[in-house]
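What follows is the residue order along each chain.
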Amino acid sequence: MSSNWVEVCAAEEIDEEDVVRFDHEGRTFAVYRSPDDEYFATDGLCTHEQIHLADGLVMGDIIECPKHNGRFNYKTGQARGAPSASTSRPIRSRWRRGACSSGFPRR
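1. So, the overall build of the chain
When helices and strands are counted, the chain shows zero helices and eleven strands. Secondary structure elements of the chain occur, N-terminal to C-terminal, as β-β-β-β-β-β-β-β-β-β-β. In the chain, buried positions account for 45% of the 107 residues. For the chain, the exposed surface amounts to about 5,800 Å²; the carbon and sulfur share of it is 43%.

Set out below in structure tokens:
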């Protein structure tokens, strides 16, 4: 599947160890900045109850859902704590020319 690189935000709009919401083509995504100054993106809704992950808490490479505290590794998408049992799909992201861009799947 090919990707459509889209500029999400200026790099300084995401603090280290934080997340922002990004809506694109009718879908919601969560975009993260790691403590190592890397950028990542996942589907924006928790796989448990479809709550916005951008309202959650980032700790290292983990995002915690704000509703039931389910956890995901945002780098791999792997569920790391109940009630989240299924994987959140990671999306390729990069930093270029002062902006964070993500490679969203083409429809």
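Now that the structure has been shown, we can carry on.
2. Describing the nonpolar core
Ranked by size, the top nonpolar core spans twelve residues in total: Val 19, Ala 30, Tyr 32, Phe 40, Cys 46, Leu 53, Val 58, Ile 63, Cys 65, Phe 72, Tyr 74 and Ala 79. Residues contacting Val 19, with those up to four places away along its chain left out, are Ile 14, Ala 30, Val 31, Tyr 32, Leu 53, Ala 54, Gly 56, Val 58 and Ile 63. Judged by nonpolar contacts, the second largest core, of eleven residues, contains Ala 11, Ile 14, Phe 29 and Tyr 39.

3. Quick word on the packing of aromatic side chains
Evaluated as defined, the whole model comprises two aromatic pairs. Centre to centre, the rings of Tyr 32 and Tyr 74 are 4.5 Å apart; their planes meet at 10 degrees, and the pair counts as stacked. Here Tyr 74 lies in the loop between strand 7 (71–73) and strand 8 (79–81) and Tyr 32 lies in strand 3 (residues 27–33), a separation of 42 residues in the sequence. Here Tyr 32 and Tyr 74 have matching classes, each one buried. Ring pairing ties together the aromatic residues Tyr 32, Phe 40 and Tyr 74, which thus form one cluster.

4. Brief notes about unusual backbone geometry
Here Glu 17, not a glycine, exhibits a phi torsion of approximately 55 degrees, which is positive. The backbone of Asn 69 shows a phi angle near 65 degrees, a positive value even though the residue is not glycine. By the element assignment, Asn 69 lies in the loop between strand 6 (62–64) and strand 7. Note on Asn 69: relative accessible area 41%, which makes it partly exposed.

5. A closer look at the pairing of strand 3
Among the seven residues that make up strand 3, six are buried, leaving the element largely enclosed by the rest of the structure. Relative to strand 3, strand 2 (residues 18–24) runs antiparallel, the two sharing seven bridges. Counterpart to Asp 23 in the pairing with strand 3 is Thr 28. Adjacent in sequence and paired antiparallel, strand 2 and strand 3 are bridged by two residues, among which Glu 25 carries a positive phi angle near 50 degrees.

Calculation rules
- Residues numbered from 1 in each chain as written.
- Predicted model: local features only at pLDDT ≥ 70, side-chain atom pairs only at ≥ 80, totals over all residues.
- Heavy atoms only, no water.
- Helix = DSSP H or I, 4+ residues; strand = E, 2+ residues; numbered from the N terminus.
- Buried < 20%, exposed > 50% of the residue type's maximum accessible area, 1.4 Å probe, protein only.
- Areas by Shrake-Rupley, 256 points an atom, 1.4 Å probe, with all protein chains shown as cover.
- Core = buried A, V, L, I, M, F, W, Y, C linked by side-chain atoms within 4.5 Å.
- Contact = heavy atoms within 4.5 Å.
- Phe/Tyr/Trp six-rings, centres within 6.5 Å; stacked < 30°, edge-to-face > 60°.
- Pairing = 2+ DSSP bridges.

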